[in-house]
Structures are given as structure tokens and as C-alpha cells.
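Residue-level structure breakdown
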Amino acid sequence: MTSVEDLDLPAGVSPTPLALLLLGRGSDPDSERGVDCPGGLPDASDPSLVERARAARAALGDRAFVLGHHYQRAEVIEFADVTGDSFKLAQQAAARPDAEFIVFCGVHFMAESADILTSDRQQVVLPDLAAGCSMADMATFDQVEDAWDVLADAGVADVTVPVTYMNSSAAIKGFTGRHGGTVCTSSNARRALEWAYGDRGAEKVLFLPDQHLGRNTAVLEMGMSLADCVLFDPHKPGGGVTPEALRKARMILWRGHCSVHGRFRLDAVADVRARIPGVQVIVHPECRHEVVTAADQVGSTEYIIRAVEAAPPGTAFAVGTELNLVQRLAKRHPDKQVVFLEKTVCYCSTMNRIDLPHLVMTLESLAAGQVVNRITVEPETARYARAALDQMLALP
Ligand code: SF4
């Protein structure tokens with residue numbers, strides 16, 4: 001097996017122990033999630049898994065509230081009390097103050113946000129601690145602190161406001177709150193930027209960690225040009241940007257992306273249009289700029305769900321988002337044609353780590369009085385992250 005030391009990485013890049021992450025062992029202090037996953041996992045082939053999950057869920061009753069992200073597997077979604085995108089699920093967690101346990105079937109940063117937004121009395125658990133997010137991992141706290149120093153050296157930190165996507169670690173949300181910025185989602189990114197440049201008086205925004213959402217929002221919704229955006233690469237000295245370019249830029253985009261949405265290519269759009277005449281191409285704003293520009297509609301996961309629901313029977317959609325959701329939409333709307341935009345399989349591998357065995361282990365442990373895989377955010381970080389999340393909730 002290739003060891004981390006054997007990887008051919010650019011100078012100055014400190015690798016995360018991906019090999020360990022894939023095996024679900026050890027811990028990764030540089031990552032937004034740990035990877036230890038204690039607890040006796042039932043065998044995936046155990047034919048009684050569904051019955052065991054039902055029994056444990058019933059035993060927990062109102063003491064537990066199970067949240068399921070849209071990208072989760074069907075076998076897990078079946079047990080969700082509510083489904084939604086990361087923001088809706090965080091709101092739902094906060095709206096259930098009586099639930100002792102919030103079982104978050106999603107990824108680590110979502111469970112962190114739920115912990116920040118719920119009371120101290122409530123405990124948030126993630127069925128598999130290895131369910132992280134590669135995009136969130138692309139901006140570590142130390143990297144962002146170093147980037148802020150680069151901005152200060154260029155004389156622009158004072159006129160820059162950080163805006164971080166919900167898909168970031170609590171540490172990055174805390175950084176954002178400490179510097180008077182806001183969190184945003186793919187639904188309210190435009191409002192977040194309008195607030196930053198308007199009420200907050202920013203000359204520049206440091207947009208973390210998804211370059212594509214930042215660029216697409218700035219160019220397609222805020223009327224900026226591509227030349228107004230610079231890409232800050234944390235693996236290059238000075239971010240790979242000259243101080244002069246930083247001074248000229250209006251959007252400083254962090255070099256991060258989603259491993260799922262970043263895979264959709266422009267030729268897939270042309271290909272599906274040739275195969276299915278009249279097809280509506282609908283994509284998530286985490287897709288590359290050229291893909292979003294070539295699509296018919298762009299919007300958040302919730303937007304995509306609503307658009308497919310609202311379309312008349314017979315409408316054909318090619319959807320550029322996570323495959324579990326696309327398959328669910330196709331099943332839910334047999335009167336419409338719903339296909340996946342890419343030809344290759346495109347599940348989110350970390351979302352998919354949460355499966356029925358992990359859910360059964362979690363529910364049975366909680367029912368037996370043992371809290372496993374609890375996610376907690378350190379109080380100081382939580383306080384500033386909460387400020388950035390509250391700022392998002394207060395966006396006009
Ligand atoms: S779909 Fe992309 S942004 Fe969402 S959890 Fe997976 S890697 Fe992260």
C-alpha cells in the first residue's frame with residue numbers, strides 16, 4: 001500500500017493521512033473529522049438489520065431525532081424523521097429542544113453546526129465518524145490564519161470580510177465570526193455577498209472554501225467579471241497571488257471544491273443535449289463555472305428538488321448533483337425523465353460511509369444508554385461560529 005510519505009505532493013504541502021481515513025482507523029488532527037469509529041458494527045449482510053433499526057428507533061421514541069441529508073443512502077433515509085440540505089437540517093435540529101439525541105445522518109461539519117445550534121443538554125451523534133467532507137478539509141484553520149496574514153501584508157485585511165460556506169469546519173466558521181463575517185449556503189450566497197459589500201462595507205470578500213460557489217455567485221448573480229476574482233491557493237507561497245492582484249480583486253476565492261460537483265464536465269452537458277432533445281440541464285452551484293453557464297437552471301439541492309417537482313409530466317431533466325438524490329428524484333417522479341448528468345458514477349464517498357450497520361450500531365447503543373460518536377465543538381470556537389451562523393440567519 002502507498003504510504004502518506006510516498007505521495008508525490010508539492011513542496012510545503014502537509015498531507016492528511018488519507019490511507020488511514022479510508023480504512024476508518026486512527027485520528028486525523030488536520031481534518032475536520034476524526035476517524036475512530038468505536039462500537040460493534042453489525043455485519044452488512046445481517047438480514048435482521050432493518051428490524052433491528054426499527055426496534056432501536058422505537059425504543060428511543062421522542063428522545064431521539066434522526067436527520068437525513070438528501071445525499072444519504074436510501075436505506076438510511078428510510079429512518080430519517082426529516083430530510084433536507086445542511087442548513088435545513090441544522091435548523092430542524094435547533095427546533096427540537098426536547099430531543100436528547102440528534103442522530104445526524106450527514107457529514108461531520110453538519111453535525112458540528114447542529115451541536116453549535118442546539119442546547120448543551122442535547123447530544124449530537126454522527127453514525128460514522130469517518131463521514132467527513134473533502135471540501136471542508138480543503139480549508140484548515142492554520143491555512144486560513146496564514147492567508148489572513150498574507151492579506152494583512154498586502155494591506156487588504158482591513159477591507160476584507162470573510163464569508164464561509166456552510167460546508168466548512170466549525171474552526172473556519174469560528175474564524176469567520178471572529179472577523180465579523182457570515183456563513184452562507186448555496187441558497188443565500190448572493191444575499192451574504194450583498195450584505196458583505198453593502199451593510200458591512202467590504203471592499204473585498206474572502207470566500208471559503210468553495211471557489212465554484214463563490215465565483216458563480218459573484219459573476220452570475222452579482223454582476224462581477226471573472227477578472228474581479230482571484231484564486232488563493234493555500235499550498236502556494238503567498239497563496240500564489242501577488243499583493244497587487246489581491247489589492248485589485250473584489251473576490252478572493254479559496255482554492256477548494258466539492259469532489260462530487262467538481263467532477264461534472266462541460267462536454268457532459270453537450271452530450272446529454274444530443275442524447276435527449278429538449279432536456280433541461282439543472283446543476284448545483286458547486287459545479288464549475290463553465291458547466292453552470294451551460295446549464296438551463298442552477299440552484300441548491302432544495303431548489304433542484306422543487307424544480308423537478310414543479311415541472312409538468314413528460315419533462316426531461318439531466319441533473320448535476322449527488323447520485324443518491326438523482327436516483328431518488330427519478331424514482332419519485334416516474335412521469336418525468338430524470339437522468340444523471342455525468343456518465344460515470346458520482347456518489348459522495350464520505351456521505352455514503354453512513355450505512356445501515358452504522359445506523360443500527362448508533363441507535364442500539366443510544367437505546368442501551370451508551371452515547372457513541374458524539375460530536376462536540378469546543379466552547380470558544382462554538383461562540384464565534386455561532387456569531388457567524390446567527391449573522392447568516394439575520395441576512396435580509
Ligand atoms: S457532496 Fe461535496 S460538499 Fe457535500 S459532503 Fe460530499 S464532498 Fe462535501
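Nothing here was measured: the structure is a model prediction, and the numbers come from that model.

**Observations concerning the overall build of the protein chain**
- Along its length, the protein chain carries 17 helices and 14 strands.
- Taking 2.2 N^0.38 as the reference for a compact globule, 396 residues should give roughly 21 Å; the C-alpha atoms of the protein chain span a radius of gyration of 21 Å, in line with that estimate.
- A principal-axis box enclosing the C-alpha atoms of the protein chain has dimensions of 65 × 55 × 50 Å.
- By the burial criterion, 48% of the 396 residues in the protein chain qualify as buried.
- Long-range contacts, defined as pairs at least 24 residues apart, comprise 67% of the intrachain contacts of the protein chain with a sequence gap of at least 6.

**Considering the site of the ligand**
- In the vicinity of the ligand there are 13 residues, among which C133, M135, C258, V260 and C348 approach most closely.
- Among the residues making up the shell around the ligand, the classes are represented as eight nonpolar, four polar and one charged.

**Quick notes on the sheet that holds strand β6 (residues 182-184)**
- Ordered in space as β6-β5-β7-β9-β8, the five strands form an open sheet in which the pairing is parallel. A single partner strand is all that each edge strand has here, and the edge strands are β6 and β8 (229-232). Direction aside, neighbouring strands of the sheet carry axes that sit 25 degrees apart on average.
- Where β8 lies against strand β9 (residues 251-254), four bridges are found, and the strand directions are parallel. If you follow L231 over to β9, its bridge partner there is L253.
- Along the sheet, helix α8 (residues 170-178) makes contact with β5 (160-165), β6 and β7 (204-208), crossing β5 at roughly 150 degrees.

**Digging into the UniProt feature "binding site: iminosuccinate" (unreviewed entry) in the protein chain**
- The residues that UniProt annotates with the feature "binding site: iminosuccinate" (unreviewed entry) are H69, S86, Y165, M166, N167, S186, H284, P285, E286 and T301.
- Considering the arrangement of structural elements, one finds S86 in helix α4 (residues 86-94).
- Judged by C-beta crowding, with 26 C-beta atoms within 10 Å, S86 ranks as buried.
- In contact with S86, other than residues within four places in its own chain, are H69, G106, M110, M166 and N167.

**Concerning helix α7 (residues 141-153)**
- Along its 13 residues, α7 runs 19 Å from first to last C-alpha, staying within 8% of the 18 Å computed at 1.5 Å per residue.
- Every buried residue of α7 is accounted for by Q143, V144, A147 and L151. Summarising the axial view, the buried residues of α7 lie within an arc of 95 degrees, below the 170-degree limit, and thus occupy one face. Exposed residues lying more than 90 degrees from the buried face of α7 are D142, E145, D149, A152 and D153.
- Turning to α7, the residues buried within the fold contact β5, α8, β7, β8 and α11 (243-248).
- A positive backbone phi angle near 80 degrees is found at G155, which sits one or two residues after α7.

**Structural notes on the sheet that holds strand β14 (residues 374-375)**
- Strands sit in the order β2-β1-β3-β4-β14 across an open sheet of five strands; the sheet is mixed. With one partner strand each, in any of the chains shown, β2 (82-84) and β14 form the two edges of the open sheet.
- Each of β1 (64-69), β2 and β3 (101-105) touches α4; the most contacted strand, β1, lies at about 170 degrees to it.

**Description of α4**
- Within α4, the full set of buried residues consists of S86, F87, L89, A90 and A93. Seen along its axis, α4 keeps its buried residues to an arc of 165 degrees; they face one direction.
- Looking at the buried side of α4, the elements it contacts are β1, β2, β3 and α5 (108-117).

**Structural notes on the UniProt feature "binding site: [4Fe-4S] cluster" (unreviewed entry) in the protein chain**
- Under the feature "binding site: [4Fe-4S] cluster" (unreviewed entry), the UniProt entry names C133, C258 and C348. Annotated residues spanning 216 residues; largest pairwise C-alpha distance 9.2 Å, indicating a single compact cluster.
- With respect to the helices, strands and loops of the structure, C133 is situated in the loop between β4 (123-125) and α6 (134-137).
- Among the structural elements, C348 can be located in the loop between β13 (337-340) and α16 (356-367).
- Sequence-distant contacts of C348, that is, excluding residues within four places in its chain, are made with Y71, V260 and E322.

**Let's talk about the packing of α8 against helix α17 (residues 379-393)**
- Interhelical geometry of α8 versus α17 gives an angle of 70 degrees and a closest axis separation of 7 Å. One element, α8, and the other, α17, form an angle in the roughly perpendicular class. Classified by chirality, the crossing of α17 by α8 is left-handed. Here α8 contributes A170, A171, K173, G174, T176, G177 and R178 to the contact with α17, which in turn contributes T381, A382, Y384, A385, A387, A388 and L389.

The rules behind these values
- Residues numbered from 1 in each chain as written.
- Predicted model: local features only at pLDDT ≥ 70, side-chain atom pairs only at ≥ 80, totals over all residues.
- Helix = DSSP H or I, 4+ residues; strand = E, 2+ residues; numbered from the N terminus.
- Rg over C-alpha atoms; globule rule 2.2 N^0.38 Å.
- Buried ≥ 20, exposed ≤ 12 C-beta atoms within 10 Å, placed from the backbone.
- Contact = placed C-beta atoms within 7 Å.
- Near = placed C-beta within 6 Å.
- Nonpolar A, V, L, I, M, F, W, Y, C, P; charged D, E, K, R; others polar.
- Pairing = 2+ DSSP bridges.
- Axes fitted to C-alpha atoms, helices over the stretch in contact; angles between N-to-C directions.
- UniProt positions renumbered as here; feature names shortened; annotations may be inferred.
- Expected span 1.5 Å × (residues − 1).
- Arc of directions from axis to C-beta.
- Parallel < 35°, antiparallel > 145°, perpendicular 65-115°, else oblique.
- Left-handed = near helix turned anticlockwise from the far one by under 90°.

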